[in-house]
Amino acid sequence: MRSTIARRISQGFFLALFLWFCIVSSVGMALWQLRGWPVDWFLQLDPLVALGTALTTWSLPGELWWALVTITLTLVLGRVFCGWICPMGTLQQIVGWWGNRRKPVAEMVALNRYRPAQGIKYIVLAVLLGGAALGLLQTGLLDPIPLAQRSVSLVVLGVVDGPLAWLAVAPRHYEESVLLGAVFLGLVLMCLRIPRFFCRFLCPTGALLGLLSRFSVWRIGKNTNPCHDCHLCDRYCEGACTPAGAIRTGECVMCMNCLDGCAVHATMTYATEPSAGGVDDVPDVTRRALLTAAGAGLVTVPLLRLTGRGSANWNPGLIRPPGSLEEAEFLGRCLKCGQCMRVCPTNVIQPAGLQFGASALWTPALNNRAGTSGCQLNCVACGRACPTGAIRALTLNEKQGRGAFKAAGPVRIGTAFLDRGRCLPWAMDRPCIVCEENCPVTPKAIHLEEEFRTVRGGSLTVAGVTAGTLRVVGASLVPDRYATGDFFCVLAGSGARRRITGNTESELVLDPSARWTARPAAGAAAAIQVRLQKPRVDSEACIGCGVCEHECVVNGLRAIMVSAENESRSDEHALAVRTKA
Amino acid sequence: MTNGDGGQTRREFLMRSARAAAAVAVTWAGGAWLWRRGRRTGQAPIAAGAVIPNFSVPSAGKRMAIVTGADRLKTVGRALEGVGGISAFIKKGDRVAIKVNAAFATPAMLSATTNPELAAELVRLCLAAGARSVAVLDNPINDAESCFALTGIGEAVRKAGAQVIMPREGLFRRVTLAGGRLIRDWPAFTEPLARADKLIGVTPLKHHSRSGASMTMKNFYGLLGGRRNRFHQDINGIIMELAQLVRPTFVVLDGTTAMMTNGPTGGSLADLKATNTMIVSTDPVAADAFGATVLGNRASDLPYIGRAAAAGAGIADFESLKPMRARV
Amino acid sequence: MVGLTEGQLLRGEAIRDDTRMPRVTRTISRREALTSWGVIAVLGVVAAGVLWKQSRFDPPDPGLGGDVTAPRSGGNGLFASLPGGLEPMSAPERFSPATLSDKIDGRAELYLSAGFAGLRAQRIRAAADHETWYEVFVYDMHTARNAFSVFSTQRREGVKGLPFATQGYRTGNSLCFVNGANYVEIVASRTGEKAMAGAESLGRLLAGAPGTGGGDLGEAGLFPAEGLIPASVSLTTANAFSFSRFDNVFSARYRDGGETLTLFLSRRASPREAAGLSDAYREFLVELDAKEAEAPAGMWLVELDGSFEGGFSTGRLLGGVHQAASLAVAARRLARLRAAVEGKAP
């Protein structure tokens, strides 16, 4: 078998595995659901994920040690990760091949020539690592694995599965889908013009592996057979690494196409000897440019700190998933990979837009309006899907504050605040207890306060009574408006009260199982009162799950809304002193 | 597959392999180190945090003086003599920190803040006793610059030779009171104290709607940083813990003009009463216990006094200190 | 070499003319072939590893992958053995007063206020047809009276009686009945005779099992059968008929000719109390402007707002009629009730 065939099989295998992981990242026990699939494996293999997280946390959380395997492969064999494994690379290669398959050889050779702009990716890498050195992890914006993961999981699956509804019962929604989709589509479609556009010019992981490949033992190069300068090796060169000349080892993605191109002369080899055509394994950027870029990356951190979003000016609208670390630490770990958003069974975890600041772009934030419900009491899927521990893997006991976690109490992600100007019973005298009914915690964080209020135009004069009815003077009531069981007839003076079970224009039908404790006389004043149960929030019981907000009948701007006050992850955001054990 | 001199090629290959092997080794060693480090720091306990030194002077003993009179400078002078004289506390070369109450940007006349003349007098007395430097500090509720300016404290103490330390972020450290329930991993204005040898608290005698009275123990609330207003939900608990956390050299409770109602801000002269009392004490609990009587309460009306005494922060039965009483 | 000039590009023979491209498949070394197969083998190992990892999944807790309504704890099943054709669908669940709202949420308050002690619930399904399943709720209400109270306050309209439980009824898709101190609900996933027959067989099984103590219902069994509207007996624990001293009153709806009326019974602590309460109730009605009407011996009847109310006491029992449309019917029914309960509670 030729190595190029083996490479294509490998690429196909890993792309399929990647897509499979994206598909199965949904809570459930079916074979096509999460179960035990190691869905974070590509993220764990990604060396930039590991390096960025190592810089921000000085640790290797979770199973990021897999990246060491990738680095080792690169140090021995060159950038095989890029050419044989990376699903983003494979996608680009497919699109690039499709778009350019009919082009004449000369044009292909020109397309695959080395361009100085390929140095940009090293600049990108330097900027991102500069930021990471001061604790801000933004590598995920352009790191191909997180980029592909979130794009495929959130946008591609959403677009494909929306009408099919094979994977999700209800169509998934992601607020940032347009921008996410545009970036992904743009990067992939650029390959129609220039093969492997993203890999060659932008990919910071490729840049990192390019730097490492200086040490690689095996490399592509020329042997001592005579080279006839036919440039057929350039024809399908994926890395644009000039195999025909002095090979740029750092750009070579190990596609092995040059070996096939050189079938006649057999000059191209993959061997341990240095290339007879010369080797250029230093990236085409100046040291000064790299240092400047890293400096720029460093500066972004104090620049972002200047917004005050991390301190006094924090945005309480930003509700992080349960188990999220304190914000600064969170931003030091979050890859924006979208795994939590994909796995969330209620779709309530959304990629944040720019409203929470530039550094929070595409990080997870709960939007209780967007999902099918709020954060589920019996679910800890997001923390278990998070590859870097930005969202800690909670157990249900810890999340609900049971067992060993009883003293610590439940994990709170915010607090529900009632808007009395919008709440139906508070503002409009209309009975509604939907938030209380749906509150999932025990005891309920939303409790009710009963109040009887005279309805508008409900002051009446008694005309006469029978055992089960009360006629009123001169009223023209809307028939059966008061038949819902929430309305009562109350006598002025004695305060005696009976439930109304129906009404005509001038007569109230009263609950037959009760009777007046004081007899209403003709001419006495009476009133129609509505029984209201006004919700109140107990901040000690509320965990901020947002089910109440989701269910609120006032379904535009909700009458009860969760914001991040009192979230467990920050002592600064507490509503009351937290006494610690 | 053969190019050039076989020996040279072989040497190059070995060199390159060695470099690659070294890089692999470094990668895995670094990875293992980072991985284990992550495990170790995974559940970091609350750091013990900074500690506030104990500033009390055991050789001076536990003493208290209550002097009546309308002139603060005279009463405080007499009261200090009553507890053994300033030289019993301030030694030559001491760096003294004075915690004033500059909580509000209100004029001195309203007695919501430490009287500037009294603060300045203490500065002069310390310097006269040989102190190397005197630092006056507070972390007020309102903007610090305006507080020190509008209360007159800033100008008065600077003229007397002290330095005013504004609460800059870099001067705060997270402190934890051993055995404490509230003060755990909480930012406090500790750096000026870390650079001081002696600490004096000087505060006006005030009614406080939340805690009953704001006196010498409550004065140290002004050392707390962060969103400390949360502690108002357990005001007695926090005052008790402050009394355990901060052990001053001595405290001065200025009851010359006491705020009897509408504390701690007051705002009207009608809230004030000339009670003409100056208290100096090495024990803030005793000072506050007596202060409560000046406000017309008993010490037992203020839960934090009993709790602080029970926690070992001082003695609530001030009479047992045999306070020196005088009138000037 | 930075970029190729046009001249350099065109120097190669092959590139000048596509038609003269050499169509050569590279001959490969044995080493390359082996390496390639080696790579394929590695992919196989990766695939095996992924499958192994997935198969080894042991949910650390029900949060991931597990049934989100997984039971808190197992415990004994509700049924020692199931009727033929039925099989368990889920493990039995148990709920305490603290966790009841996890299961029935909005209605928890109703049970908690009535002395709820515990709930056992389980899903059972038809072995042949998995679409037909039942959820069985057994509420331990501590006493039979409490069980009857929650039963009667949730009574549905237009229902049929049950052959195996005097205090019970069935609706289109559910059974509800009192069994000792237990209140039982069986809810079927679908309507229809076949589905309900399965529900009844489960109900019979539970009704046959002794309830967990708590005493009998007493008065509920004393109402005369003639004219009794099925499953209409209910218990009002306080303030019955708006009379503040009426607690623990059992009432039943009757049909007599074209009219409906209510009879009630309540067992008191002593004959004295029963007699005193009967008089107090009459005085309460008179104060509301009721007019005395002629009544059989030992009983009383009044007319209030066009309907008739009456009462009597015998031994510790207090009985009466409520909202009868005519004096004749009220008197007749009152006398029959008294005859039926005479001597039952000396």
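Structure shown above.
Residues numbered from 1 in each chain as written. Chains lettered and ligands numbered in written order. Predicted model: local features only at pLDDT ≥ 70, side-chain atom pairs only at ≥ 80, totals over all residues. Heavy atoms only, no water.

Novice: Could you clarify how one ought to interpret the sheet that holds strand S12 (residues 291-293) of chain C in this entry?
Specialist: All names here are of chain C. Sheet architecture is open: 7 strands sit in the order S9-S10-S11-S15-S14-S13-S12, paired in antiparallel fashion. Each end of this open sheet is capped by a strand with a single partner; those strands are strand S9 (234-236) and S12. Across the sheet, the mean angle separating the axes of adjacent strands is 25° when strand polarity is ignored. Sheet topology places strand S14 (residues 307-314) next to strand S15 (residues 317-324); 6 bridges connect them, and they run antiparallel. Bridge pairing in S15 links Phe 308 to Ala 324. Along the sheet face, helix H9 (residues 327-341) touches strand S10 (249-256), strand S11 (259-267), S12, strand S13 (300-304), S14 and S15 and points at about 20° away from the line of S14. (Pairing = 2+ DSSP bridges. Helix = DSSP H or I, 4+ residues; strand = E, 2+ residues; numbered from the N terminus. Axes fitted to C-alpha atoms, helices over the stretch in contact; angles between N-to-C directions. Contact = heavy atoms within 4.5 Å.)

Novice: So what exactly am I meant to see when it comes to helix H12 (residues 204-212) of chain A here?
Specialist: Residues and elements named next belong to chain A. Where burial is concerned, most of H12 is hidden: 8 out of the 9 residues are buried. Three or more residues of H12 are buried, namely Pro 204, Thr 205, Gly 206, Ala 207, Leu 208, Leu 209, Gly 210 and Leu 212. Turning to H12, the residues buried within the fold contact helix H3 (47-57), helix H4 (66-77), helix H5 (80-85), helix H8 (120-133) and helix H9 (144-164). (Buried < 20%, exposed > 50% of the residue type's maximum accessible area, 1.4 Å probe, protein only.)

Novice: For this particular structure, what's the right way to read empty space enclosed by the protein?
Specialist: Rolled over the atoms, a probe sized like a water molecule indicates the empty space that remains. According to the stated counting rule, one finds 14 cavities of 30 Å³ or more in the structure shown. What the largest cavity holds in volume is close to 120 Å³. Around the largest cavity, the lining is made up of 13 residues, and of these Ala 467, Arg 515 and Trp 516 of chain A together with Leu 304 and Asp 305 of chain C lie nearest the centre. Its residues assigned to classes, the lining of the largest cavity comprises 6 nonpolar, 2 polar and 5 charged. (1 Å grid on protein atoms, 1.4 Å probe; cavity = no way out; pocket = protein on both sides within 12 Å on 5 of 7 lines; lining within 4 Å. Points joined across faces, edges and corners; volume = space filled by probe spheres on them. Nonpolar A, V, L, I, M, F, W, Y, C, P; charged D, E, K, R; others polar.)

Novice: Could you clarify how one ought to interpret the nonpolar core in this entry?
Specialist: Among the nonpolar cores identified, the biggest contains 76 residues, and Phe 14, Leu 17, Phe 21, Phe 42, Met 88, Ile 220 and Met 254 of chain A are the most heavily contacted of them. The element contributing the most residues to this core is helix H1 (residues 3-24) of chain A, with 7 residues. Ranked by size, the runner-up nonpolar core spans 57 residues in total, among them Phe 189, Leu 199, Tyr 221 and Met 240 of chain B. (Core = buried A, V, L, I, M, F, W, Y, C linked by side-chain atoms within 4.5 Å.)

Novice: In this structure, what is going on with the layout of surface pockets? I would like to understand it.
Specialist: Computed from the structure, the second largest pocket encloses a volume of approximately 1,600 Å³. Every residue lining the second largest pocket is counted, 43 residues in all, and those nearest its centre are Asp 511 and Ser 513 of chain A together with Ser 234, Thr 236 and Ser 251 of chain C. Looking at the lining of the second largest pocket, the elements with two or more residues in it are helix H5 (108-112), helix H6 (144-153), S9, S10, S11 and S15 of chain C. Here the lining of the second largest pocket takes 4 residues from H6 of chain C, the largest share from any one element. Residue composition of the lining of the second largest pocket, grouped by class: 17 nonpolar, 20 polar and 6 charged.

Novice: Explanation requested: the pairing of strand S8 (residues 182-188) of chain C in the structure shown.
Specialist: Remember that side chains alternate between the two faces of the sheet whenever the strand is regular. Residues and elements named next belong to chain C. For S8, the tally of buried residues reaches 6 of 7 residues, placing the bulk of the element in the interior. Examined bridge by bridge, strand S4 (residues 133-140) and S8 share 7 bridges and lie antiparallel to one another. Along S8, the bridge assignment pairs Val 138 with Val 184. As defined by bridge partners, strand S7 (residues 174-179) adjoins S8 across 6 bridges and the pair is classed as antiparallel. In the strand pairing of S8, Phe 177 is matched with Val 184. In this antiparallel pair of consecutive strands, S7 and S8, the connection spans 2 residues, and Gly 180 shows a positive phi of 60°.

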